[in-house]
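# Examining the three-dimensional arrangement
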Amino acid sequence: QVQLVESGGGLVQAGGSLRLSCAASGRTSSHYVTGWFRQAPGKEREFVGAIRWSGDGTGYADSVRGRFTISRDNAKNTVYLQMNSLKPEDTAVYYCAVGLKSSLITYSRGYSWWGQGTQVTVSS
């Protein structure tokens, strides 16, 4: 069992930055992958990016590549999502999730544990 808690969401103006954190506890493993997803009102949950537990591989959705960066601090069991140059279309609830694979999974059903989500609102 893995417990995940996201934090760092909030309201920011377009062009601004936010850093989300995802703190993990419980049965973590070097073979897990951590992903970030988001869901806007009336839309399906979509993949944002993912990082291997080892930190040696990341992947991003085309919509955020070059603006968002995922990193991790294994000593703190925490994964970060640095979001720069935010746009109003980035407004959503952001979730982190952990999957039982070492590959960069881009689909939500590939993840076993989810956090409660944190709201990000970008004003124009």
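Scroll up to find the structure.
To start, this report covers the structure provided alongside it. Since we're looking at a predicted model, the values are computed, not measured. (Residues numbered from 1 in each chain as written. Predicted model: local features only at pLDDT ≥ 70, side-chain atom pairs only at ≥ 80, totals over all residues. Heavy atoms only, no water.)

## Describing the packing of aromatic side chains
Overall, the coordinates contain six aromatic pairs when judged by the stated rule. For the ring pair Tyr 32 and Trp 113, a centre distance of 5.9 Å and an interplane angle of 45° mean the geometry is tilted. Placement of the pair is Tyr 32 in the loop between strand 3 (18–26) and strand 4 (33–39) and Trp 113 in strand 10 (residues 113–114), with a sequence separation of 81 residues. Both residues of the pair, Tyr 32 and Trp 113, count as buried. Ring geometry for Tyr 95 and Trp 114: centres 6.4 Å apart, planes at 75°, overall edge-to-face. Taken together, the residues span a long stretch of sequence, with Tyr 95 in strand 9 (residues 92–99) and Trp 114 in strand 10 at a distance of 19 residues. What makes Tyr 95 buried here is its relative accessible area of 14%. An aromatic cluster is present here, built from Phe 37, Phe 47, Tyr 95, Tyr 111 and Trp 114 joined pairwise through their rings. Over the aromatic face of Tyr 80 sits the side chain of Arg 19, whose NZ or CZ is 4.2 Å from the ring centroid. Between the NZ or CZ atom of Arg 45 and the centre of the ring of Tyr 95, over which it lies, the distance is 4.0 Å. (Phe/Tyr/Trp six-rings, centres within 6.5 Å; stacked < 30°, edge-to-face > 60°. Helix = DSSP H or I, 4+ residues; strand = E, 2+ residues; numbered from the N terminus. Buried < 20%, exposed > 50% of the residue type's maximum accessible area, 1.4 Å probe, protein only. Lys NZ or Arg CZ within 6 Å of the ring centre and 35° of its normal.)

## Things to note about the sheet that holds strand 1 (residues 2–7)
Read from one edge to the other, the open sheet built from four strands follows the order 1-3-8-7, with strand pairing classed as antiparallel. Edge positions in the sheet fall to strand 1 and strand 7 (68–73), since each has one partner strand and no second. Mean inter-strand twist for the sheet, computed between neighbouring axes without regard to direction, equals 20°. Pairing of strand 7 with strand 8 (residues 78–83) involves six bridges; the strand directions are antiparallel. Within the sheet, the bridge partner assigned to Phe 68 lies in strand 8 and is Met 83. (Pairing = 2+ DSSP bridges. Axes fitted to C-alpha atoms, helices over the stretch in contact; angles between N-to-C directions.)

## So, the environment of Gly 15
Mapped onto the elements of the fold, Gly 15 is located in the loop between strand 2 (10–13) and strand 3. Judged by its relative accessible area of 54%, Gly 15 is exposed. Residues Gly 15 and Lys 87, spaced 72 residues apart in sequence, show a C-alpha to C-alpha distance of 6.4 Å. The residues contacting Gly 15, other than those within four sequence positions of it, are Ser 85 and Leu 86. (Contact = heavy atoms within 4.5 Å.)

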